[in-house]
Amino acid sequence: SAHSNTYDYSFKILLIGDSGVGKSSLLISFISNSTEDLAPTIGVDFKIKQLTTGGKRLKLTIWDTAGQERFRTLTSSYYRSAQGIILVYDVTRRETFTNLSDVWAKEIELYSTNKECIKMLVGNKVDKESERAVTKEEGMALAQEYGCLFLECSVKTSENVGKCFEEIALKIMEVP
Ligand code: GDP
């Protein structure tokens, strides 16, 4: 319609975390509402999604690392002016969880200049319950320590995929 480009809020949200945790899958699944293609994805730069939540029309520009995280070359330009950061780990690979403290939180500290930035911890791949290496309680405890929102999800089953983005967007809207 003629109004399809109007929105109440526009937010920049980043996805970060180790390679292979499912960042690109999460983004593509959210954008396309599909789980068809669960092959490894070459990182995209960013995608735009318009949605209505909390009675407001939102435009979310969601940035993926485009595989740069493998070389630890994310710099201040990636973090600039982000209102939200989603930190993703794989519940079946414990090192992806410990790296959130050892690597990613330090990088946010160093590069994210927006002190009002809302953070969310997301444990992905809960469909692989038998291979789980990080408990939900551990995830919740780390989120509490860093003052983050927290969710577990599965791109494979679509569980909580939309909720990850909606919850962080709702929280960003509360920032004065
Ligand atoms: P990225 O490097 O963090 O962007 O990770 P990718 O999105 O490329 O995903 C890495 C691998 O994990 C791919 O083979 C995906 O198909 C797979 N994957 C992503 N999400 C899930 C999930 O929820 N469950 C399972 N079982 N596999 C997943």
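In this text, all values refer to a predicted model and were calculated from it rather than measured experimentally. Note that residues are indexed from 1 along each chain, following the sequence as it is written. Only residues with pLDDT of at least 70 get local features here, since the model is predicted, and only at 80 or more are side-chain atom pairs given and counted; chain-wide, interface and lining totals rely on the full set of residues. Calculated side-chain values reflect all of the structure's heavy atoms, with hydrogen atoms and water omitted.

Caption draft 1: Representation of the pattern of salt bridges in the model. Each reported salt bridge corresponds to a side-chain nitrogen of Lys or Arg within 4 Å of a carboxyl oxygen of Asp or Glu. Tallied over the full model, the rule gives nine salt bridges. When the shortest N-O distance is used, the salt bridge between R93 and E95 registers 3.4 Å. The exposure class of R93 is partly exposed, given its relative accessible area of 28%. The classification of residues rests on relative accessible area computed with a 1.4 Å probe and restricted to protein chains. Under 20% of the type maximum is buried, over 50% is exposed, and intermediate values are partly exposed. For E95, a relative accessible area of 41% puts it in the partly exposed group. Here K128 ties to E131 by a salt bridge, and the two come within 3.9 Å at their closest N and O atoms. A relative accessible area of 45% means that E131 is categorised as partly exposed.

Caption draft 2: Highlighting the environment of I85. If you trace the backbone, I85 turns up in strand β4 (residues 84–90). When the C-alpha positions of I85 and E152 are compared, they lie 16 Å apart, and in sequence the two are 67 residues distant. The helix and strand labels rest on DSSP assignments: H or I over at least four residues marks a helix, E over at least two residues marks a strand, and numbering proceeds from the N terminus.

Caption draft 3: Expanded view of helix α3 (residues 94–111). Taking 1.5 Å of rise per residue, 18 residues should cover 26 Å, and α3 covers 25 Å from first to last C-alpha, within 8% of that figure. Largest kink in α3: about 50 degrees, centred on L100. Listing the buried residues of α3 in full gives T96, F97, N99, L100, V103, W104, A105, E107 and I108. Contacts between residues were defined by any pair of non-hydrogen atoms, one from each residue, lying within 4.5 Å. Considering only its buried residues, α3 is in contact with β1 (9–16), α2 (76–79), β4, β5 (118–124) and α4 (136–146). To estimate how far a helix should reach, multiply one less than its number of residues by 1.5 Å. One axis fitted to the seven residues ending at a residue, another fitted to the seven starting there: the angle between these axes is the bend at that residue.

Caption draft 4: View of the packing of aromatic side chains. Note on aromatic pairs: the rings of Phe, Tyr and Trp (six-membered ring only in Trp) are paired at centre separations within 6.5 Å, and the planes decide the class, stacked below 30 degrees, edge-to-face beyond 60, tilted for the rest. The tally for this structure, following the rule as stated, stands at five aromatic pairs. Centre to centre, the rings of F46 and W63 are 4.7 Å apart; their planes meet at 35 degrees, and the pair counts as tilted. Of the two residues, F46 sits in strand β2 (residues 46–53) while W63 sits in strand β3 (residues 56–63), which places them 17 residues apart along the sequence. For a lysine, the NZ atom is tested; for an arginine, the CZ atom; a charge sits over a ring if that atom is within 6 Å of the ring centre and within 35 degrees of the ring normal. Above the face of the W63 ring, K12 is positioned so that its terminal group lies 5.2 Å from the ring centre. Positioned over the ring face of F30 is K49, at 4.9 Å from the centre of the ring.

Caption draft 5: Representation of the side chain of E152. Mapped onto the secondary structure, E152 falls in strand β6 (residues 149–152). Its relative accessible area of 9% is what places E152 among the buried residues. Within polar-contact distance, the side chain of E152 engages the side chain of R132 at 2.9 Å. Sequence-distant contacts of E152, that is, excluding residues within four places in its chain, are made with V91, G123, V126, R132, T135, K136 and N160. We define a polar contact as two N or O atoms separated by no more than 3.5 Å, with the added condition that, inside protein, one atom must be a possible hydrogen donor and the other a possible acceptor, whereas residues neighbouring each other in sequence contribute only through side-chain atom pairs.

Caption draft 6: How the structure looks around the pairing of β5. Most of β5 is tucked away, with six of its seven residues classed as buried. Here seven bridges tie β4 to β5, and the two strands are oriented parallel to one another. Counterpart to V88 in the pairing with β5 is V122. Following the backbone out of β4, through α3 and into the adjacent parallel β5, one traces a crossover that is right-handed. Whether a crossover is right-handed comes down to one check: with the strands pointing away from the viewer, does the path from the first strand over the helix to the second run clockwise; if it does, it is right-handed. Handedness of the β-α-β unit built from β5, α4 and β6 comes out right-handed. Note on pairing: two strands pair once DSSP finds at least 2 bridges between them.

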